[in-house]
Amino acid sequence: TATEKLLAVVLTAFFLIGGVWAYAKLDDLGRSAYRPPETYLTADERAAVERSRQASERSGRAQAAVAQAREQLELSREAYRTALDAGRTAPTLARAYRQAERRFAASETAAERARAEAAAAQPGADAAYRRASDEALDASRQSELVTFLLRLALVLASVAFGSWLLVRLRRSGSRYLPVAFAAVGFAALLSLVLAGDYVTDYIDVQQLGPFVLSLAGIGLTLGAFWWLQRFLARRLPQRRVRKGDCPFCGYPVRSGEHCEGCGRTVVGECTTCHHPRRVGTFHCGACGAS
């Protein structure tokens, strides 16, 4: 009925809410194993990184000292030049200017030495970080693969459960068949979510997109056609029997025991009560046996 169909749609929506929540939680489970690249450094690599950091800090302080010494040199030079322009000898300013020059030269030498130390320590730190980053990337890819496999298992389990429930309820003629349709619809929608998340990770859509779409469409269409033929093969004889036709060829059956269209037997003997029974019926009309 229409009400049963509506309830099946509502049930599918609630299935989807819970399924998407579980789908997202599986991603959180995979990300929980993530570790930053620094945690993959060995003791020697940490020491190399620490040396590089300290050398960089010393180089920064040396550059700051150079800037301060340059500023002091410029102030001393201006003061000394002003005194000379005024015609004064200013020996104190001259000494201050010479000291500022020496301090500036010493700071430049120290800065050059610090830059050399930092440059010498940098390759070791870079190599350590590259190796740790590669290891962290491999671990991240493995966690992503685990997440994908868990999600794939969830989708496959949903498809298997929905298909099993559909077949079971259909065979038993249960009135709860819309529940099976809701489960199958949920599994189909969750499969689309999985495909949307991961198909672009492994396929270059710009280059192979139309070709992959073509292959996927052909495969799905053939699979649906195969399933439809199997479904019709099971349902068509029953529909023909209900209409009073031959279950084999569909020709109208009259009073005889054989079909006038194909000649095959359409009336057999019930194995329980041995009364005549139409071929293709679920139950015997005389005793009710299946």
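A quick note: this is a predicted structure, and the numbers were derived from the prediction, not measured. (Residues numbered from 1 in each chain as written. Predicted model: local features only at pLDDT ≥ 70, side-chain atom pairs only at ≥ 80, totals over all residues. Heavy atoms only, no water.)

**Focus on the overall build of the chain**
The secondary structure content of the chain amounts to five helices and two strands. For the chain, the sequential pattern of α-helices and β-strands runs α-α-α-α-α-β-β. Compactness check: the chain gives a C-alpha radius of gyration of 42 Å against a globular reference of 19 Å for 290 residues, more than 25% above the reference. Its C-alpha atoms give the chain principal-axis dimensions of about 140 × 40 × 35 Å. Out of the 290 residues belonging to the chain, those deemed buried represent 24%. By element, 61% of the accessible surface of the chain is carried by carbon and sulfur atoms, the whole surface being about 19,600 Å². Computed over 38 positive and 28 negative side-chain charges, the inter-centroid distance for the chain is 10 Å. (Helix = DSSP H or I, 4+ residues; strand = E, 2+ residues; numbered from the N terminus. Rg over C-alpha atoms; globule rule 2.2 N^0.38 Å. Buried < 20%, exposed > 50% of the residue type's maximum accessible area, 1.4 Å probe, protein only. Areas by Shrake-Rupley, 256 points an atom, 1.4 Å probe, with all protein chains shown as cover. Lys, Arg positive; Asp, Glu negative; His and termini not counted. Charge placed at Lys NZ, Arg CZ, Asp CG, Glu CD.)

**Concerning the packing of aromatic side chains**
What the rule picks out here adds up to three aromatic pairs. Ring centres 5.9 Å apart and planes at 25° place the aromatic pair Tyr-80 and Tyr-97 in the stacked group. Residue Tyr-80 is found in helix H2 (residues 43-85), and its partner Tyr-97 is found in helix H3 (residues 91-172); the two are separated by 17 residues along the sequence. The exposure classification of Tyr-80 matches that of Tyr-97, with both residues buried. The aromatic ring of Phe-248 is capped on one face by Arg-264, whose charged end is 3.8 Å from the ring centroid. (Phe/Tyr/Trp six-rings, centres within 6.5 Å; stacked < 30°, edge-to-face > 60°. Lys NZ or Arg CZ within 6 Å of the ring centre and 35° of its normal.)

**Some remarks on the confidence of the model for the chain**
Confidence along the chain averages 81 in pLDDT terms, with 91% of residues attaining 70 or more. Of all secondary-structure elements in the chain, the lowest mean pLDDT belongs to helix H5 (residues 205-242), at 70, while H2 reaches the highest, 88. (pLDDT = per-residue confidence, 0-100.)

**Examining the packing of H2 against H3**
Two elements in contact, H2 and H3, have axes whose closest approach is 6 Å; the angle formed by their N-to-C orientations is 160°. If you check the angle between H2 and H3, you find them roughly antiparallel. In this structure, H2 meets H3 at a crossing whose hand is left-handed. (Axes fitted to C-alpha atoms, helices over the stretch in contact; angles between N-to-C directions. Parallel < 35°, antiparallel > 145°, perpendicular 65-115°, else oblique. Left-handed = near helix turned anticlockwise from the far one by under 90°.)

**What about the layout of surface pockets?**
Any empty space left between atoms is shown by rolling a water-sized probe over those atoms. Roughly 1,400 Å³ of internal volume is contained in the largest pocket. Considering the residues around the largest pocket, the lining is formed by 43 residues, among which Gly-162, Ser-163, Leu-166, Val-184 and Trp-227 are closest to the centre. Of all the secondary-structure elements, those providing two or more residues to the lining of the largest pocket are H3, helix H4 (177-202) and H5. Considering only residue class, the lining of the largest pocket consists of 27 nonpolar, eight polar and eight charged. (1 Å grid on protein atoms, 1.4 Å probe; cavity = no way out; pocket = protein on both sides within 12 Å on 5 of 7 lines; lining within 4 Å. Points joined across faces, edges and corners; volume = space filled by probe spheres on them. Nonpolar A, V, L, I, M, F, W, Y, C, P; charged D, E, K, R; others polar.)

**Brief notes about the nonpolar core**
One finds Ala-62, Val-66, Ala-69, Leu-73, Tyr-80, Ala-94, Tyr-97, Ala-100, Phe-104, Ala-111 and Ala-114 forming the largest nonpolar core, which totals 11 residues. Ranked by residue count, the leading element in this core is H3, at six residues. If sequence neighbours within four positions are ignored, Val-66 has contacts with Phe-104, Ser-107, Glu-108 and Ala-111. (Core = buried A, V, L, I, M, F, W, Y, C linked by side-chain atoms within 4.5 Å. Contact = heavy atoms within 4.5 Å.)

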